[in-house]
Amino acid sequence: MTIRSATPDAADIQTIVRHRRAMFRDMGYHDEDALEAMSAGFLPWLRCKMEAGEYLGWFALGPDSSVAAGLGLWLMDWPPHMVASGRWRGNILNVYTEPAHRRRGMARALMQVALGWCADHDVDAVILHASPEGRPLYESLGFTPTNEMRLTGPHG
């Protein structure tokens, strides 16, 4: 299996946006208008973060050299913390494998590349949000549930 870094060129950015949309669809989000709005807002955010070096991506290539799977690592500027000492908190996101290439170890290989990058660059706290299908993979790599909570919608 070949893994290559994603670049901020238009083709790679479009692939990441397409993967993100497909990932959310696979997780049960079927409102096409909401998916389109999310994709439209994500594209400029992604371009900005990639150009700033704060979003790194990797692709696993299929036998025909097409992109079969992808993963992103968002380097979040993080204040000094009791959990980790590094400047960055790694946020794994947009893990997606094309249906025809699933169950071949591509997501695991991409995770190992991203976690290796984090280890080599003193990113000692890495988070992600797991779908039920992805949870066994992440647990096998040492991820554990935390006390993170979420509030969405209007407040107050």
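Report on the accompanying structure.

Reading guide: rules and limits
Residues numbered from 1 in each chain as written. Predicted model: local features only at pLDDT ≥ 70, side-chain atom pairs only at ≥ 80, totals over all residues. Heavy atoms only, no water. Helix = DSSP H or I, 4+ residues; strand = E, 2+ residues; numbered from the N terminus. Contact = heavy atoms within 4.5 Å. Core = buried A, V, L, I, M, F, W, Y, C linked by side-chain atoms within 4.5 Å. Buried < 20%, exposed > 50% of the residue type's maximum accessible area, 1.4 Å probe, protein only. Phe/Tyr/Trp six-rings, centres within 6.5 Å; stacked < 30°, edge-to-face > 60°. Lys NZ or Arg CZ within 6 Å of the ring centre and 35° of its normal.

### What to know about the side chain of Thr97
Turning to step 1, where the next piece is worked out: With respect to the element layout, Thr97 can be found in strand 4 (residues 88-97).
Turning to step 2, where the next piece is worked out: With near-sequence residues (within four places) excluded, Thr97 lies in contact with Ala68, Ala69, Arg102 and Ala107.

### Some words on the nonpolar core
Turning to step 1, where the next piece is worked out: Counting 21 residues, the largest nonpolar core has Leu71, Ile92, Met111 and Tyr138 as its most contacted members.
Turning to step 2, where the next piece is worked out: Looking at this core, the elements that each hand over two or more residues are strand 2 (55-61), strand 3 (67-77), strand 4, helix 3 (106-120) and helix 4 (135-140).
Turning to step 3, where the next piece is worked out: The element contributing the most residues to this core is helix 3, with 6 residues.
Turning to step 4, where the next piece is worked out: Excluding its chain neighbours within four sequence positions, the residues that come into contact with Tyr138 are Val95, Met111, Leu128, Ala130 and Phe143.
Turning to step 5, where the next piece is worked out: If you look at the next biggest cluster of nonpolar residues, it comprises 13 residues, including Ile13, Ile16, Tyr55 and Leu61.

### Overview of the packing of aromatic side chains
Turning to step 1, where the next piece is worked out: On inspection of all chains with the given rule, the structure shows 5 aromatic pairs.
Turning to step 2, where the next piece is worked out: The interplanar angle of 80° and the centroid separation of 5.5 Å between the aromatic rings of Phe24 and Tyr29 together place this pair among those described as edge-to-face.
Turning to step 3, where the next piece is worked out: Where Tyr138 meets Phe143, the ring centres are 6.2 Å apart and the plane angle is 70°; that geometry is what we call edge-to-face.
Turning to step 4, where the next piece is worked out: Here Tyr138 falls in the buried class, since its relative accessible area comes to 8%.
Turning to step 5, where the next piece is worked out: Joined through ring pairs, the aromatic side chains of Phe42, Trp45, Tyr55 and Trp74 make up one cluster.
Turning to step 6, where the next piece is worked out: Over the aromatic face of Phe42 sits the side chain of Arg20, whose NZ or CZ is 4.5 Å from the ring centroid.

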